[in-house]
Every structure is written in structure tokens, then in C-alpha cells.
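# Architecture and fold: a report
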Amino acid sequence: MTPTTSEAPEEEAGGPGRGHGVLMCPPEYFDVTYSINVWMDTGVKVDFDRAWRQWERLVSTLEDAGTRVRTMPAAPGLPDMVFTANAGIVDGDTITPARMSRPERAPEIEHVRDRFEELGWTVDEPPTAPQEGAGDAVAFDGGLVAGYGPRSAEPAYAGLRAHRGWTVTALELTDPRYYHVDLGFCPLDDRAAMVLPEAFTAAGHAALAEIVEDPVVLTPEEGAAFCANAVVAGRTVVMPHCTPRLGRELERRGFEPVVCEVSEFGKAGGGCRCLTLALDVELDRAGAPFTAEVVG
Ligand code: ARG
């Protein structure tokens, strides 16, 4: 099967700036061939046709919600490349590629570099410590809400603060089921966000409560069904699962939940958001980025 998503011609697609939407990678080589999180069981078979259909439906759902979907070619032997959220951290026309903590995923990064260079973006150096991209560093209110512990390492964030001047609220992740921050936290706008308390330490959850004015607290069941792993496109919340209660909480805030089943990707521990990398991200520079300027 081939993807039906239509990619704009390269000249049109290229160039930094706003209006980029999301980057996705077709599930051509998607599979569960190793296990690097508690959801992955190599004994479980992936239904490849179903994975394609689910991925294509996610593309069309996002497009219907007004999001432009761009793609990055898949590469053989890299079954998790479909989870583009882990490719890097986007800020304006720059991507800071991830430093994958797991050797199985490390070779994805050269493809990320190639794709962004081809699109005319600035490709920064990856952090000096493991940091798994936007999957572990979600943009919220001009800063980043970041996770560390299972995958990303805390020192990566000190480096990013110093090097890029970003405001990073780094939170320790405690539950192996929620090994990336995007499984426990999802911004809806600058004030509201879905929050799964048990993904974080008590101190981490308290820090989150300080910065999220209007939390939509998920139940343990909603968390385990990856409700937090949603893509917010305008007022549409594209999510792998929703409950009536959560639907009402979202609607009360003016959002429309749209469930997009991605169960095949759940076998690799991912949901809707993991399958996308937001390209429309502008982060504040709270501190001056550390740059060695040559004067004279
Ligand atoms: N199998 C992938 C991994 O363990 C899933 C990545 C999910 N991505 C995410 N942003 N949470 O790395």
C-alpha cells in the first residue's frame, strides 16, 4: 500500500516560517521488532494494513482540522521513525535534533537532519545529553514543559537553557508507562492543559500546577488509554481515546474532541501526538542564548 497523502511540491514546501503544520513519517517500516518501553511486546503482531489505514486517517483528520501535514520519508530498519515527535525540538525556523537515549532509534537522526536541511531549516547541534525531542519537551505558553528520567536526561535541559535561552520546566517522570512527557501532559492553549498526575513525581506535579492555570486532570484510566497524547489543531483535539467525562471537560472549554484510533501504534507505546511533530512553534527567549560572538 502507498500513502495517499499529497505532499506539496518541494519549492512550495520549503522555507521556514509559520503555517507549517506538522511533520509525519509514513508507517512503511513500522513494526515492533524490539522493546524499549513497557508497551512494546515483540511477540505481538502488528497488522500492517490496519496501521496504514489508521495513519492515513490521522492525516486526513488533521487536514480536515486545518493542519498542513508534511512528511519525511521512512527508512528501512527504523520501525519507530513513524513517531516524529521524537525527531527534535522546533523553534521558529530551527530544529534542535534529538539525542536518542536508545541505540535502536539513534540512526533516525541523520534522516531528520537531511529532511530539515532539504526544507531550508537551520539544523542545530543536538543536546550533549539524551533528549528525545518534542515527545519529551512540549511547548506551553512560550516555554517548554519537559520530561526526564526514563529517556531524556536532566542535564540536557540545562544545556538547552544556556544554549538556546529557552524557559524549560523540567519534570521527573516516574511511571514507566509514561516514559515521555507527551503521555502525561498536553497543552490545549496558553492556560489550559490535560495533565495526568501519576506520570510525575509529587514535586513535578506541583511544579506543573504552578504553571497550568486551568488543568484538565485525567483519570488513571484516561491516562493509560493515552488520552493526553493528543494533537490540538485550533479548537479540535485529535486524540486516541476519549471518555464522556473528558469530552465534556474539553467541550466546556470550547474544544471539540475527535477520536482517531491508532491502536496499532499503541503496540509500540505511541498515540496520535507521538506520530506528529509540530512545526509551528515559537519559543520565548527568556535568557540570552549563549553564543560565542567574535568581536573585532
Ligand atoms: N516505540 C517508541 C519509543 O519507545 C514510541 C515513541 C513514542 N513517542 C512519544 N512521543 N511518546 O521510543
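A short tour of the structure in this document, coming up. (Residues numbered from 1 in each chain as written. Predicted model: local features only at pLDDT ≥ 70, side-chain atom pairs only at ≥ 80, totals over all residues. Heavy atoms only, no water.)

### A closer look at the overall build of the protein chain
The helix and strand tally for the protein chain stands at eight helices and 15 strands. Here the protein chain, with 296 residues, has 53% of them falling under the buried criterion. Restricting the contact set of the protein chain to residue pairs at least 6 apart, pairs at least 24 apart contribute 71%. When the accessible area of the protein chain is evaluated, it comes to approximately 12,300 Å², of which 52% is carbon and sulfur surface. (Helix = DSSP H or I, 4+ residues; strand = E, 2+ residues; numbered from the N terminus. Buried < 20%, exposed > 50% of the residue type's maximum accessible area, 1.4 Å probe, protein only. Contact = heavy atoms within 4.5 Å. Areas by Shrake-Rupley, 256 points an atom, 1.4 Å probe, with all protein chains shown as cover.)

### What about the site of the ligand?
Inspection of the region around the ligand gives 16 residues, with N37, R105, R151, D182 and A268 positioned closest. For the ligand, a nitrogen atom lies 2.9 Å from a polar atom in the side chain of D80. In the model, a nitrogen atom of the ligand is placed 2.7 Å from a nitrogen or oxygen of the D182 side chain. Looking at side-chain class alone, the shell around the ligand contains seven nonpolar, five polar and four charged residues. (Near = heavy atom within 4 Å. Polar contact = N/O pair within 3.5 Å; in protein donor to acceptor, adjacent residues only side chain to side chain. Nonpolar A, V, L, I, M, F, W, Y, C, P; charged D, E, K, R; others polar.)

### Here we look at the packing of aromatic side chains
What characterises a pair of aromatic rings is the spacing of the ring centres plus the angle enclosed by the ring planes. On inspection of all chains with the given rule, the structure shows seven aromatic pairs. Ring geometry for F30 against F265: centres 4.7 Å apart, planes inclined by 40°, an arrangement best described as tilted. Taken as a pair, F30 in the loop between β1 (22-24) and α2 (48-64) and F265 in helix α8 (residues 263-266) lie far apart in primary sequence, 235 residues in all. Across the pair, exposure class does not vary: F30 and F265 are buried alike. With centroids separated by 6.0 Å and ring planes inclined at 90°, the aromatic side chains of W52 and W55 adopt a geometry described as edge-to-face. (Phe/Tyr/Trp six-rings, centres within 6.5 Å; stacked < 30°, edge-to-face > 60°.)

### With respect to the sheet that holds strand β14 (residues 256-259)
Within the open sheet, the three strands sit side by side as β12-β13-β14. Their pairing is mixed. A single partner strand is all that each edge strand has here, and the edge strands are β12 (231-233) and β14. Across the sheet, the mean angle separating the axes of adjacent strands is 25° when strand polarity is ignored. (Pairing = 2+ DSSP bridges. Axes fitted to C-alpha atoms, helices over the stretch in contact; angles between N-to-C directions.)

### Some thoughts on the nonpolar core
Residues F185, M194, M239, L246 and F265 are the most contacted members of the largest nonpolar core, which totals 59 residues. Those elements that provide at least two residues to this core are β1, α2, β6 (137-140), β9 (185-187), β10 (192-195), β13 (236-239) and α7 (244-252). Of the residues forming this core, the biggest block, six residues, is contributed by α2. Sequence-distant contacts of F265, that is, excluding residues within four places in its chain, are made with P27, F30, A51, Q54, W55, V82, F83, G270 and L275. L23, A74, F116 and L277 belong to the second-largest nonpolar core, a separate cluster that totals 31 residues. (Core = buried A, V, L, I, M, F, W, Y, C linked by side-chain atoms within 4.5 Å.)

### Description of the side chain of D214
Structurally, D214 is set in strand β11 (residues 214-217). A polar contact of 2.8 Å, which involves the side chain of D214, links it to the side chain of R253. If near-sequence neighbours (up to four positions away) are discounted, D214 is found in contact with R191, A192, A193 and R253.

### Topic: the environment of S101
Along the chain, the position of S101 falls in the loop between β4 (94-97) and α3 (108-118). The sequence separation of S101 and P150 amounts to 49 residues, and the corresponding C-alpha distance is 9.0 Å. Reaching out from S101, the side chain makes a polar contact with the side chain of R102 at a distance of 2.9 Å.

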